[in-house]
Amino acid sequence: MPFMAYVNDVLVPLSEARVPVLDRGFLFGDSLFEVMKVHRGRAIHAPEHVARLLDAAGQMRFNDLPGADVLQARIERVIRASELVTGYVYLQLTRGAAPQRSRVSSTRPTVVIFVDDSPGPDPALVENGASVVTVPDDRALFGQFKTTSAMPRIASELTAMDNECYEAIYKHKDGRVFEATAANLFIVKCGRILTPVAGRHVLAGVTRDKVMALARGMGIEVKERHIIYDELLEADEVFLTGSVKIVVGVVSVDGHRIGDGHVGPVTRSLRDAYIGQFLPEQG
Ligand SMILES: Cc1ncc(COP(=O)(O)O)c(C=O)c1O
């Protein structure tokens, strides 16, 4: 069965899916997206992802938004039609094809949904931990949205690649560190978990929320507050969260070893707890 895609309400093989050249997503990156992990044929936390997308689209004044129920039904259908068991589902919403290229005019949004069978991070990376590099945060203050206007993010990904790192962490010139290019950032210090406050510099990650709740349920104190670069370097543990990454330990930042250089016990127990709760092998 070939992988399938929805373009608006039409289901087609992914290789045949097309959007018009005048679509503002193509022309301007006037568009938002979500990525949901697929586990045993189900999109994990789909209602939370769809709600975040529609909320951001409303704030950016997209018109004629489809309902959450419509999007969720299409997500389920495209997974089923593609016979996908493990991987992820990608959902993109653009402002649509405007009659005049140069005006932000009200058009019907374009909705694209397709699947991919990437299983997530390499088990060796999860076991041994990741290296990251910090980069200046030169995104245009849209950290609270998952926009596809991705040139600053791509430049940061290239820096990570050039430094043979798994991810890049955005660092403000005042010393605060925010998040990675596609993951939220946590540190563990003296048994307490800290994560930067969600807002213009930090996406309110779905996994971030779930991991904070799991940690609190395990009796671990969790605080959302600014984190500065020196705290990151001096942390006992550092980890990243994201829908497909789940929880990935960080063992090196800008070449400095974190903790004892191994993925720490809090990171491991949170990853295990998340998998146990949301991605069980059976049940
Ligand atoms: C910039 C950024 N921060 C955080 C995340 C993690 O968000 P979520 O847990 O909702 O996948 C992502 C996901 O791609 C992201 O792009």
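Bear in mind the structure is a predicted one, so any value in this text is a computation, not a measurement.

Participant: Report on the overall build of the protein, specifying residues and quantitative values.
Facilitator: In terms of regular secondary structure, the protein is built from eight helices and 16 strands. The C-alpha atoms of the protein give a radius of gyration of 19 Å, which matches the 19 Å a tight globule of 283 residues would have. Overall, the protein is about 55 × 45 × 35 Å in size when its C-alpha atoms are taken along their principal axes. In the protein, buried positions account for 41% of the 283 residues.

Participant: Go over the pairing of strand β5 (residues 87–94) with me, naming the residues and quoting the values.
Facilitator: For β5, a buried count of seven out of eight residues is recorded, marking the element as mostly surrounded by other parts of the structure. In terms of strand pairing, strand β3 (residues 31–39) meets β5 through eight bridges, oriented antiparallel. Considered in β5, the bridge of Glu-34 is made with Leu-91.

Participant: Give a description of the site of the ligand that names residues and reports values.
Facilitator: Close to the ligand lie 14 residues, the nearest being Leu-203, Gly-205, Val-206, Thr-207 and Ser-243. At the level of elements, β10 (183–189), α6 (206–217) and β14 (237–242) are the ones that each hand at least two residues to the shell around the ligand. A total of three residues in the shell around the ligand trace back to one element, the largest contributor, which is α6. When the residues that make up the shell around the ligand are grouped by side-chain class, the tally is five nonpolar, six polar and three charged.

Participant: Please set out the sheet that holds strand β1 (residues 4–7) residue by residue, giving values where relevant.
Facilitator: Spatially, the six strands line up as an open sheet ordered β2-β1-β6-β5-β3-β4, and their pairing is antiparallel. Strands with a single pairing partner mark the edges of an open sheet, and in this sheet they are β2 (10–13) and β4 (42–43). Taken together, the four bridges between β1 and β2 define a ladder with antiparallel strand orientation. Of the residues in β2, the one forming a bridge with Tyr-6 is Leu-11.

Participant: Hey, could you go over the pairing of strand β8 (residues 167–171) for me, with residue numbers and the actual values?
Facilitator: Most of β8 sits out of view: five of its five residues are buried. Burial of β8 is two-sided: the residues Glu-167, Ile-169 and Lys-171 facing one way and the residues Ala-168 and Tyr-170 facing the other way are all buried. By the bridge criterion, two bridges tie β8 to strand β9 (residues 176–180) in an arrangement that is antiparallel. Its bridge partner being in β9, Ile-169 is matched across the sheet by Ala-180. Between β8 and β9, which follow one another and run antiparallel, lie four residues, and Gly-175 among them has a positive phi close to 100°.

Participant: Can you break down the packing of α6 against helix α8 (residues 265–278) residue by residue, with the values?
Facilitator: Where α6 meets α8, the closest approach of the two axes is 10 Å, and the angle between their N-to-C directions is 105°. Between α6 and α8, the crossing angle belongs to the class labelled roughly perpendicular. Residues Lys-210, Val-211, Leu-214 and Ala-215 of α6 touch α8, and the partners they reach there are Leu-270, Ala-273, Tyr-274, Gln-277 and Phe-278. Tallied by class, the residues present in the contact of α6 with α8 amount to seven nonpolar, one polar and one charged.

Participant: I'd like a description of unusual backbone geometry, backed by residues and values.
Facilitator: The phi angle at His-45 is positive, at roughly 55°, despite the residue not being glycine. Looking at the secondary structure, you find His-45 in the loop between β4 and α2 (46–59). By the C-beta count within 10 Å, which is 18 here, His-45 ends up partly exposed. Although it is not a glycine, Cys-190 sits at a positive phi angle of roughly 50°.

Participant: Explain the packing of α2 against helix α3 (residues 68–82) to me, using residue names and the numbers behind them.
Facilitator: Direction vectors running N to C along α2 and α3 enclose 130°, while the axes themselves pass 10 Å from each other. By the angle between their directions, the pair α2 and α3 is classed as oblique. Crossing of α2 against α3: the hand is right-handed. Packed against α2, whose contacting residues are Ala-46, Pro-47, Val-50, Ala-51 and Leu-54, the element α3 presents Ala-68, Leu-71, Gln-72 and Ile-75 at the interface. Residue composition of the contact of α2 with α3, by class: eight nonpolar, one polar and no charged.

Calculation notes
- Residues numbered from 1 in each chain as written.
- Predicted model: local features only at pLDDT ≥ 70, side-chain atom pairs only at ≥ 80, totals over all residues.
- Helix = DSSP H or I, 4+ residues; strand = E, 2+ residues; numbered from the N terminus.
- Rg over C-alpha atoms; globule rule 2.2 N^0.38 Å.
- Buried ≥ 20, exposed ≤ 12 C-beta atoms within 10 Å, placed from the backbone.
- Pairing = 2+ DSSP bridges.
- Near = placed C-beta within 6 Å.
- Nonpolar A, V, L, I, M, F, W, Y, C, P; charged D, E, K, R; others polar.
- Axes fitted to C-alpha atoms, helices over the stretch in contact; angles between N-to-C directions.
- Parallel < 35°, antiparallel > 145°, perpendicular 65-115°, else oblique.
- Contact = placed C-beta atoms within 7 Å.
- Left-handed = near helix turned anticlockwise from the far one by under 90°.

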